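A structural walkthrough
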Amino acid sequence: MSSMLVAEDLSAVGGISLSAAVPVLTAMNYQVAALPTSLLSTHTSGYGVPAVVNLADWLPRVFDHWTQAQLDFQQGLIGYVGTVELCQLLHNYLAQQKLDLLVVDPVMGDLGQLYSGFDDDYVAAMRQLIQLADVILPNVTEASLLAGVPYTAEPNLPSVLRQLQKLLKPGAHAVITDVTKNDQIGCAWLTADGVQFVGEPRLAGHYNGTGDTLAAVIAGLLGRGFSLTRSLELANQWLHIAVAETLAESRSDARQGVALGGLLRAILTLG
Ligand code: ADP
Ligand code: MG
């Protein structure tokens, strides 16, 4: 069994981020080191202002203890971090770890805007963190922010992807996650043959936690040795299952993250 460090916020209510990543990666046979970067009473979409604890004082103690205990991780996944200081703490710790795989989802904005509380310094801290990554998973907004180009909903993918690749170490991949192509939503990345795309039909509505779940699935598959293309194909198929299941539930509360039952069954049938 290999051991994956997952660092992102823990929102007690809402079923996204760490609460989604742990079951997904457990089903994929990982030992998960679940490291909350902050604690929230709920996620930040639709519940009002959550009670938040910033864990910047705790993280260095965690890293000291893990170092003393000689704990090693083979893979890492970073999702929502939250502050420049936390980005730097993670960067400093991970720079000393010899991970086989680090996936970074540079969560910081959507629809052309930084999320509230973030500024250019945060974008700069994220640019530093992704230098350690093997794969990054920005949405179109985050890709524009990292690349330093103006946001458009349908960007010039070859150009933005080339800019992103320049921020990464050799051999690493930038994958943009919410690319629309015809009636499909999916992922775009660059190879020697040009821009590649895998997607699935877009279903009605907007859902919480899709990006977090997608990132966990991609990190899990890559860590199990699947190629980038195959990992992205399966991840998009499985997220489609999760969104379709959520839609079929006709939920009265739309704030909860996507349904994971069908996705977990799909993972387990992979063997
Ligand atoms: P987030 O904004 O949470 O980061 P994204 O919008 O990037 O999430 O979505 C992540 C993935 O979830 C997409 O690549 C796609 O596979 C799936 N997905 C999201 N929304 C839909 C939808 N409406 N219909 C089908 N699949 C979706
Ligand atoms: Mg995302």
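Below, the structure is looked at part by part. (Residues numbered from 1 in each chain as written. Chains lettered and ligands numbered in written order. Predicted model: local features only at pLDDT ≥ 70, side-chain atom pairs only at ≥ 80, totals over all residues. Heavy atoms only, no water.)

**Brief notes about the overall build of the protein**
Going by this rule: Strands here are runs of E lasting at least two residues and helices are runs of H or I lasting at least four, both read from the DSSP assignment and numbered beginning at the N terminus. All radius of gyration figures rest on C-alpha atoms, and the globule criterion is 2.2 Å times the number of residues raised to 0.38. Any residue under 20% of the maximum accessible area for its type is buried, any over 50% is exposed, and the rest in between are partly exposed; the area is computed with a 1.4 Å probe on protein chains only. Residue contacts follow a heavy-atom distance rule, with two residues in contact if any of their heavy atoms lie within 4.5 Å. Under the convention used here, a 1.4 Å probe and the Shrake-Rupley method define accessible areas, while residue burial counts only the protein chains that appear. None of His or the chain ends enter the tally, which takes Lys and Arg as positive and Asp and Glu as negative. By convention, charge coordinates are those of NZ in Lys, CZ in Arg, CG in Asp, or CD in Glu.
When you go through the protein residue by residue, the secondary structure sums to nine helices and 11 strands. For the protein, whose C-alpha radius of gyration is 17 Å, the value lies close to the compact-globule estimate of 18 Å for 271 residues. Within the span of the protein, comprising 271 residues, buried residues form 49% of the whole. For the protein, long-range pairs separated by at least 24 residues make up 65% of all intrachain contacts whose partners lie at least 6 apart in sequence. Surface accessibility of the protein: about 12,300 Å² in total, with carbon and sulfur atoms responsible for 51%. Charge-centre separation for the protein: the mean point of 13 positive side chains lies 5 Å from the mean point of 24 negative side chains.

**Brief notes about the pairing of strand S2 (residues 31–42)**
Worth spelling out the cut-off: For two strands to be treated as a pair, DSSP must find no fewer than two bridges joining them. A crossover counts as right-handed when, viewed with the strands pointing away from the observer, the path leading from the first strand over the helix to the second turns clockwise.
Summarising the sheet, strand S1 (residues 3–13) and S2 pair through nine bridges and their orientation is parallel. Within the sheet, the bridge partner assigned to Ser11 lies in S2 and is Leu40. As for the winding sense of the linkage, the β-α-β connection from S1 through helix H1 (residues 17–27) to S2 is right-handed.

**Examining helix H7 (residues 210–223)**
Basically, it comes down to this: The length a helix should cover is 1.5 Å for every residue beyond the first.
In a regular helix each residue adds 1.5 Å, so 14 residues correspond to 20 Å; H7 covers 20 Å between its end C-alpha atoms and thus fits that length. Within H7, 11 of the 14 residues are buried, leaving the element largely enclosed by the surrounding structure. Residues Asp212, Thr213, Leu214, Ala215, Ala216, Val217, Ile218, Ala219, Gly220, Leu221 and Leu222 constitute the buried set of H7.

**Describing the packing of aromatic side chains**
Short version of the rule: Pairing of aromatic side chains here covers Phe, Tyr and the six-membered ring of Trp, requires ring centres within 6.5 Å, and sorts the geometry by plane angle: under 30 degrees stacked, over 60 edge-to-face, intermediate tilted.
Inspection of every chain in the model, using the stated rule, returns six aromatic pairs. Relative to Phe118, the ring of Tyr80 has its centre 5.9 Å away and its plane inclined at 35 degrees; by these criteria the two rings are tilted. Placement of the pair is Tyr80 in the loop between strand S4 (75–78) and helix H3 (84–95) and Phe118 in the loop between strand S7 (113–114) and helix H4 (120–129), with a sequence separation of 38 residues. Measuring from ring centre to ring centre gives 3.9 Å for Phe118 and Tyr122, while their planes differ by 0 degrees; the resulting arrangement is stacked. For the pair Phe118 and Tyr122, a shared accessibility class is recorded, and that class is buried. An aromatic cluster is present here, built from Phe63, Trp66, Phe73 and Tyr93 joined pairwise through their rings.

**Looking at the pairing of S1**
Of all the 11 residues making up S1, eight are buried; the element is thus mostly covered by neighbouring parts of the structure. Across four bridges, the pairing between S1 and S4 is parallel. Residue pairing in the sheet places Ala7 in a bridge with Ile78 of S4.

**Examining the packing of H1 against H7**
Note the cut-off: Fitting a line to C-alpha atoms yields each axis, with helices limited to the stretch in contact; the angle taken between N-to-C directions then spans 0 to 180 degrees. An angle below 35 degrees is read as roughly parallel, one above 145 as roughly antiparallel, one from 65 to 115 as roughly perpendicular, and any other as oblique. Handedness of each helix crossing follows the sense of rotation of the near helix against the far helix: counterclockwise by less than a right angle gives left-handed, clockwise gives right-handed. Any residue outside Ala, Val, Leu, Ile, Met, Phe, Trp, Tyr, Cys, Pro, Asp, Glu, Lys and Arg is labelled polar, Gly included; the first ten of those are nonpolar and the last four are charged.
At a minimum axis distance of 9 Å, the contact between H1 and H7 shows a crossing angle of 30 degrees. By the angle class used here, H1 and H7 are roughly parallel. In terms of crossing hand, the pair formed by H1 and H7 is right-handed. Mapping the contact onto sequence places Ser17, Ala20, Ala21, Val24 and Leu25 in H1 and Asp212, Thr213, Ala216, Val217 and Gly220 in H7. For the contact of H1 with H7, the class distribution of residues is six nonpolar, three polar and one charged.

**Quick word on the sheet that holds strand S10 (residues 184–191)**
Read across the open sheet, the nine strands follow the order S3-S2-S1-S4-S5-S8-S9-S10-S11; overall the sheet is mixed. Each edge of the open sheet is held by one strand with a lone partner, namely strand S3 (52–54) and strand S11 (194–201). Inspection of the sheet shows strand S8 (residues 135–136) paired to strand S9 (residues 173–181) by two bridges, in the parallel sense. Looking across to S9, one finds that Ile136 is bridged to Ala174. The strands that helix H6 (residues 157–167) touches are S9, S10 and S11; relative to S9, the one it contacts most, it runs at about 155 degrees.

**Section: the pattern of salt bridges**
Our working definition: A pair is scored as a salt bridge if a Lys or Arg side-chain nitrogen falls within 4 Å of a carboxyl oxygen belonging to Asp or Glu.
On inspection of all chains with the given rule, the structure shows four salt bridges. Residue Lys169 is joined to Asp134 by a salt bridge in which the shortest nitrogen-to-oxygen separation is 3.3 Å. Taken as a pair, Lys169 in the loop between H6 and S9 and Asp134 in the loop between H4 and S8 lie far apart in primary sequence, 35 residues in all. The exposure class of Lys169 is partly exposed, given its relative accessible area of 34%.

Nothing here speaks to function; it is geometry throughout.
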